[in-house]
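Report on the structure
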Amino acid sequence: MNMYSANNLDISNRVFIKITRDTIPQVKDKYPFIYLERGRLEIDDSSVQWIDSDGNIVHLPIATLNCLLLGPGTSVTHEAIKVMSASNCSICWVGEDSLLFYAHGQTPTADSTNYRKQMQLSHDKKKSLEIARNLFARRFPNAILEGKSLREMMGMEGYRIRQLYENKAEFYNVGWKGRSFEPGKFELSDITNQIMSSANAALYGVLCSAINSMGYTPHMGFIHSGSPMPLVYDLADLYKEYHCIDLAFSLTLEMAGCYNKHIVISNFRKRIIDENLLSKIAKDIDEILNGLSC
């Protein structure tokens, strides 16, 4: 193979392909996320590359990634952000160890149809309550929810979760004193709570990215309110039982009192890939938000 310098290339023979939403994989077809820390994201010949703290270089297939979770010690160039935005790959800034969710870089969408539909449904009290009932019905398939208020259904959910904690603790033979998490004081929680907080934050990042990628917004929900990402929290409750709660109790004894973020990330990632969670998220969002006409 002959090698030529860039100066000898005939620019007229080069092919430029414009990245559009139609030429990149949909949310359900993408790899869920990659977690990166202590390194730099930059552009190399129109592709995004990761340079870690040891100088190792990894080229990232941005168009096939749902989102990047950036931990402490990371930096990113303006051009890299631009390329990732064009490829519909979202970025979330998270914390060390606990993967605390800090912020999300919203990917622009050329079509505001889904955003407007969500806004109309959210501001229609009757339809908003109906969507909330549909969300609760997925967790209470045998319950009669018709006529119940939002407060009543949230009370049912609170009781269900407390019972779930107790059942998982008994199943995995783990001591449990209740859910406990205080922002900024991650290390004060017990191992089970630390794992659960980490998995929750990672799930929020994946959901936030998927919601934005589909043209919706995480800022308008149907159950939760008074928080930055109510729709994320609405949807997260559909998946927490296996991907966060069961994961936390199942790993507690393995960690033997010493939290290990790599084990948590690896096991969380394996679960969402094995369960094809991104495909399920995309399907669930469409069914929940498109089930009612505006």
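Above this text sits the structure in question.
Conventions and cut-offs
- Residues numbered from 1 in each chain as written.
- Predicted model: local features only at pLDDT ≥ 70, side-chain atom pairs only at ≥ 80, totals over all residues.
- Heavy atoms only, no water.
- 1 Å grid on protein atoms, 1.4 Å probe; cavity = no way out; pocket = protein on both sides within 12 Å on 5 of 7 lines; lining within 4 Å.
- Points joined across faces, edges and corners; volume = space filled by probe spheres on them.
- Helix = DSSP H or I, 4+ residues; strand = E, 2+ residues; numbered from the N terminus.
- Nonpolar A, V, L, I, M, F, W, Y, C, P; charged D, E, K, R; others polar.
- Buried < 20%, exposed > 50% of the residue type's maximum accessible area, 1.4 Å probe, protein only.
- Polar contact = N/O pair within 3.5 Å; in protein donor to acceptor, adjacent residues only side chain to side chain.
- Contact = heavy atoms within 4.5 Å.
- Core = buried A, V, L, I, M, F, W, Y, C linked by side-chain atoms within 4.5 Å.
- Pairing = 2+ DSSP bridges.
- Axes fitted to C-alpha atoms, helices over the stretch in contact; angles between N-to-C directions.
- Salt bridge = Lys/Arg side-chain N within 4 Å of Asp/Glu carboxyl O.

1. Structural notes on the layout of surface pockets
- Its boundaries defined by the atoms lining it, the largest pocket holds a volume of some 470 Å³.
- Considering the residues around the largest pocket, the lining is formed by 20 residues, among which Arg-179, Phe-181, Asn-200, Tyr-204 and Lys-240 are closest to the centre.
- Looking at the lining of the largest pocket, the elements that each hand over two or more residues are helix H4 (150-172), helix H5 (191-213) and helix H7 (240-255).
- No other element matches H5, which puts five residues into the lining of the largest pocket.
- Residue classes in the lining of the largest pocket are distributed as eleven nonpolar, three polar and six charged.

2. So, unusual backbone geometry
- Phi is positive for Asn-88, which is not a glycine, with a value near 65°.
- Checked against the element boundaries, Asn-88 lands in the loop between helix H1 (78-86) and strand E7 (90-94).
- Residue class for Asn-88 comes out buried when judged on its relative accessible area of 8%.
- Within the chain, Asn-173 stands out as a residue other than glycine whose phi angle is a positive 60°.
- We classify Asn-173 as exposed; its relative accessible area is 64%.

3. Some remarks on the side chain of Thr-217
- Tracing the chain through its elements places Thr-217 in the loop between H5 and helix H6 (230-236).
- Judged by its relative accessible area of 5%, Thr-217 falls in the buried class.
- Engagement of the side chain of Thr-217 in a polar contact is seen with the backbone nitrogen of His-219, the distance being 3.2 Å.
- Excluding its chain neighbours within four sequence positions, the residues that come into contact with Thr-217 are Tyr-115, Gln-118, Ile-211 and Leu-231.

4. Some remarks on the nonpolar core
- Within the largest apolar cluster, 66 residues are counted, with the highest numbers of intra-cluster contacts made by Phe-33, Leu-235 and Ile-281.
- If you tally residues by element for this core, the top one is H5, at 13 residues.
- Ignoring sequence-local partners within four residues, the contact set of Leu-235 consists of Leu-135, Leu-207, Ile-211, Ile-285 and Ile-288.
- Ranked by size, the runner-up nonpolar core spans 14 residues in total, among them Trp-50, Ile-62, Leu-68 and Ala-80.

5. Considering the sheet that holds strand E2 (residues 39-44)
- Strand order across the open sheet formed by four strands is E4-E3-E2-E6, with mixed pairing between neighbours. For this open sheet the edge positions go to strand E4 (57-60) and strand E6 (74-76), each flanked by a neighbour on one side alone. This sheet shows a mean twist of 25° between the axes of neighbouring strands, independent of strand direction.
- Of the pairings in the sheet, the one linking E2 to E6 comprises three bridges and is parallel in character. When the bridges of E6 are listed, Leu-41 appears paired with Val-76.

6. Overview of the sheet that holds strand E8 (residues 101-105)
- With mixed pairing, the four strands of this open sheet are ordered in space as E1-E5-E7-E8. In this open sheet, the two strands that pair with only one neighbour each are strand E1 (31-36) and E8. Sheet twist, expressed as the average angle between the axes of neighbouring strands with direction ignored, equals 20°.
- Here four bridges tie E7 to E8, and the two strands are oriented antiparallel to one another. Counted as the bridge partner of Cys-92 is His-104 from E8.

7. As for the side chain of Asn-193
- Looking at the secondary structure, you find Asn-193 in helix H5.
- Assessed through its relative accessible area of 1%, Asn-193 is described here as buried.
- Engagement of the side chain of Asn-193 in a polar contact is seen with the side chain of Arg-179, the distance being 2.8 Å.
- Here Ser-180 takes part through its backbone nitrogen, which lies 2.8 Å from a polar atom of the side chain of Asn-193.

8. Examining the pattern of salt bridges
- In this structure the tally under the stated criterion is 16 salt bridges.
- The partner of Arg-160 in a salt bridge is Glu-157, with the nearest N and O atoms 2.9 Å apart. Of the two residues, Arg-160 and Glu-157 are both situated in helix H4; the distance of three residues between them amounts to about one turn of the helix. The same class applies to Arg-160 as to Glu-157, namely buried.
- Residue Asp-284 is joined to Lys-280 by a salt bridge in which the shortest nitrogen-to-oxygen separation is 3.7 Å.

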